[in-house]
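Listed below are the residues making up each chain.
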Amino acid sequence: MTHWKLRLLAAGACALLGSGCSGRDASAAGEELRVWAFGAEGEALAPIARDFERQNPGIRVRVQQIPWTAAHEKLLTAYVGGALPDVAQLGNTWIPEFAALGALQALDSLVAGDTTAIPLRDYFPGVLATNVVDDTLFGVPWYVDTRVMFYRTDLLRAAGVTSPPTTWAAWRDALVRVRAHQERGAFPALLPLNEWAQPVIFGLQAGSPLLLDHGTRGGFRDPRFRKGFEFYIGLFRDSLAPALAATQISNVFQEFAAGRVAFYITGPWNVGEFRKRLPDSLQSSWATAPLPGPDSAGVSLAGGSSIVIMRRSSQRAAAWKFLAFLADPARQARFFTQTGDLPARRSAWAIPPLANDPHLAAFRTQLGRVVPSPAVPEIELIVSRVAQAAERAARGQQTVDEALAALDADVDGILEKRRWLLAQRGSPR
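Residues numbered from 1 in each chain as written. Predicted model: local features only at pLDDT ≥ 70, side-chain atom pairs only at ≥ 80, totals over all residues. Heavy atoms only, no water.

**Student:** Mind laying out the overall build of the protein, listing which residues take part and the relevant values?
**Tutor:** In terms of helices and strands, the protein carries 18 helices and 16 strands. Against the 2.2 N^0.38 benchmark of 22 Å for 429 residues, the protein shows a C-alpha radius of gyration of 23 Å, consistent with a compact globule. If you line up the protein on its principal axes, its C-alpha atoms span 75 × 60 × 35 Å. The burial tally for the protein puts 53% of its 429 residues in the buried class. (Helix = DSSP H or I, 4+ residues; strand = E, 2+ residues; numbered from the N terminus. Rg over C-alpha atoms; globule rule 2.2 N^0.38 Å. Buried < 20%, exposed > 50% of the residue type's maximum accessible area, 1.4 Å probe, protein only.)

**Student:** Which residues make up the sheet that holds strand 12 (residues 286–289), and what are the values?
**Tutor:** Read across the sheet, 4 strands follow the order 8-11-7-12 without closing on themselves; strand pairing throughout is mixed. Only two strands of the sheet have a single partner each, and these edge strands are strand 8 (189–190) and strand 12. Sheet topology note: the strand 7 (residues 148–152)/strand 12 ladder contains 4 bridges and is antiparallel. Along strand 12, the bridge assignment pairs Tyr151 with Ala287. Helix 8 (residues 168–179) rests against strand 7, strand 8 and strand 11 (263–266) of the sheet, and its axis sits at about 135 degrees to strand 11. Contacts between helix 12 (residues 269–277) and the sheet are confined to strand 7, strand 11 and strand 12, with strand 11 contributing the most and set at about 140 degrees to the helix. (Pairing = 2+ DSSP bridges. Contact = heavy atoms within 4.5 Å. Axes fitted to C-alpha atoms, helices over the stretch in contact; angles between N-to-C directions.)

**Student:** How would you sum up the domain arrangement of the protein? Please name residues and give values.
**Tutor:** In terms of domain boundaries, the protein breaks down into domain 1 (21–145 + 302–357) and domain 2 (148–301 + 374–424). On a C-alpha basis, the centroid separation for the pair domain 1 and domain 2 is 31 Å. Between domain 1 and domain 2, the contact holds 11 residues from the first and 10 residues from the second. Between domain 1 and domain 2, the buried area comes to about 820 Å², and carbon and sulfur atoms account for 57% of it. Along the contact surface separating domain 1 from domain 2 lie 1 salt bridge. Ionic pairing is found between Asp357 and Arg275, a salt bridge with its closest N-O pair at 2.6 Å. Our count for the domain 1 to domain 2 interface comes out at 3 residue pairs in polar contact (both at pLDDT 80 or more). Of the residues forming the side of domain 1 that touches domain 2, the biggest block, 3 residues, is contributed by helix 4 (residues 95–100). Across the side of domain 1 that touches domain 2, the residue classes tally to 6 nonpolar, 2 polar and 3 charged. (Domains from an automatic or database assignment. Buried area = accessible area lost by both parts, 1.4 Å probe. Salt bridge = Lys/Arg side-chain N within 4 Å of Asp/Glu carboxyl O. Polar contact = N/O pair within 3.5 Å; in protein donor to acceptor, adjacent residues only side chain to side chain. Nonpolar A, V, L, I, M, F, W, Y, C, P; charged D, E, K, R; others polar.)

**Student:** Please set out the pairing of strand 1 (residues 31–38) residue by residue, giving values where relevant.
**Tutor:** Taking burial as the measure, the 8 residues of strand 1 include 6 buried ones, the bulk of the element. Bridge count for strand 1 against strand 3 (residues 87–91) is 2 bridges, and the pairing is parallel. When the sheet's bridge partners are listed, Val35 is paired in strand 3 with Val87.

**Student:** With reference to specific residues and values, describe helix 14 (residues 329–339).
**Tutor:** Turning to helix 14, its buried residues are Pro329, Arg331, Gln332, Ala333, Phe335 and Phe336. Residues of helix 14 that are buried in the fold lie against helix 2 (39–55), strand 6 (140–145), helix 13 (316–326) and strand 15 (342–343). A distance of 3.2 Å separates the backbone nitrogen of Ala330 from a side-chain oxygen at the start of helix 14, and that oxygen is part of Asp328. Phi turns positive one or two residues past the end of helix 14, at Gly340, with a value near 85 degrees.

**Student:** Lay out the packing of aromatic side chains in plain terms, naming residues and giving numbers.
**Tutor:** All chains considered together, the criterion is met by 25 aromatic pairs. When the ring of Trp171 is compared with that of Phe202, the centres are 6.2 Å apart and the planes differ by 25 degrees; the resulting orientation is stacked. One end of the pair, Trp171, is in helix 8; the other, Phe202, is in helix 9 (residues 197–205), and 31 residues separate them in sequence. Neither Trp171 nor Phe202 differs from the other in exposure class; each is buried. Arranged with centres 5.5 Å apart and planes meeting at 80 degrees, the rings of Phe253 and Phe274 form a pair that is edge-to-face. With Phe253 in helix 11 (residues 252–257) and Phe274 in helix 12, the pair connects residues that are 21 residues apart, well separated along the chain. Judged on exposure class, the residue Phe253 and its partner Phe274 are both buried. An aromatic cluster of three or more residues is present, and its members are Tyr151, Trp168, Trp171, Phe202, Phe231, Tyr232, Phe236 and Phe263. The cationic tip of Lys74 hangs over the ring face of Trp36; the distance from NZ or CZ to the ring centre is 5.1 Å. The ring of Phe325 is capped by Arg331, whose NZ or CZ atom sits 3.5 Å from the centre of that ring. (Phe/Tyr/Trp six-rings, centres within 6.5 Å; stacked < 30°, edge-to-face > 60°. Lys NZ or Arg CZ within 6 Å of the ring centre and 35° of its normal.)

Below, the structure is given as C-alpha cells:
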C-alpha cells in the first residue's frame, strides 16, 4: 500500500508480547483464549476453533456467538467494564471507533515479525486500508464484501445492449433502452432510498473524500461529491429508478424475475438468494458485473469483517496464532463454502469453487477497485445521514444544493467533538 508503511520494530514481536514470549510456547501454559464473533460467522467459527485446538493442544478457545444487533453495544459495555475478550470479530467500519478508545492492539510489529503467516500483499489493498488508523494496523481482514451490479442479461439483449456498461453514460443509456421495453410502472434500476451505500459510492467514484480537514468537516458540497450525488438523484428524477425504500418494495426477487427491475446494486450475500429465489428458467438470464464509473470502471466500497486482538489481552501470543490460523487461504476458501463469506486473501480465490463461479468473478474484479470509508468513529452515523439527504432530494422535498448544504451542516455538528479533541492535541502544553 502506498499511503502507509509498516514500522519494522527492532525489538520484534516478543517485545510487544511481553510475558507471552518468555522462552516457552504459549500452548505450554494451558491458556484459554476468549473469542467473540457475530451472527452466522460466530456459529461457523466454533468448529474452526476446535481444529485450532487440535493443532495447538495447550490452548483452549472459547467462542461466544453474539447477534449482530447486540454486538456493538456489548463491545462498548465490555470495554467500559474491562471485560473485553482476547480476540474479536469487528465490522471494518467499527475499527476506527475502537482504535480511538485504545481498545485494540496494534499489529504492525507482529505482522512484520511473521510475514509468512499474514502476507499483507495477498490482501486486497482497499480492504486492508479499512484496518489502518493513523498509519497503524489494528486488524486483519477475515472476510470481505463489496457491491457490484446484478442485471438481467436477456433484458439487456432485448434492448440492444450487448455488454454490461462500464461508464455512467453507458449505464444511463442502457437504462433508457431497457425502460423502453418495460411495462408501465416498471423501472430499469432498483436503488432503495434507505440504503446509504449507493449515494456514497457514486460520490467516491467521482473522487470525493466525503470528509474534509482531516475528517473534521463534511465535504458533501465539494464539487466531486456533488457530481456523484447529482448523477444518482438524476436516476430518480428521470424515472429510471423508483423513489422507494426497501421496505416499500414487496419482494425484490419477484420484481427482478418479472422484469420490472433489470439492474440492482447489491452485495455477495444476494448471490445465494438469487440462485435460491429466482425460477430455474431464469438462472441463465442473470449475471453480475463491476460497477461503472464516471469515465471508466468505477470503485466500490470496501466492506467485510476483520479479526482484532484486544490491547488488554493477556494471551497475545495465542491470539496471534489464532489470527494466523484464520488467515490460511485454504481455510478461508472452506469458510466460504460454509458461510458464503468471500475470502480476504487473494490467493484463496484461486481455489475451487471460488475460482469457477461465474457470479463471483465480478466481485473478485471489483475488490481490486474498492476504497474505504473515512476512518473516523462517527462514520456509520454520517453515512446514515447521507441516505436521509439523498431520500429528501430524490423525493423532490429539497433541491440537490439544499440537501447537500443541510447534510454538511448536520455532519459538521456530528464531528464537533472530533474537532475539539484534535484541537486539544494540537494545542501547546
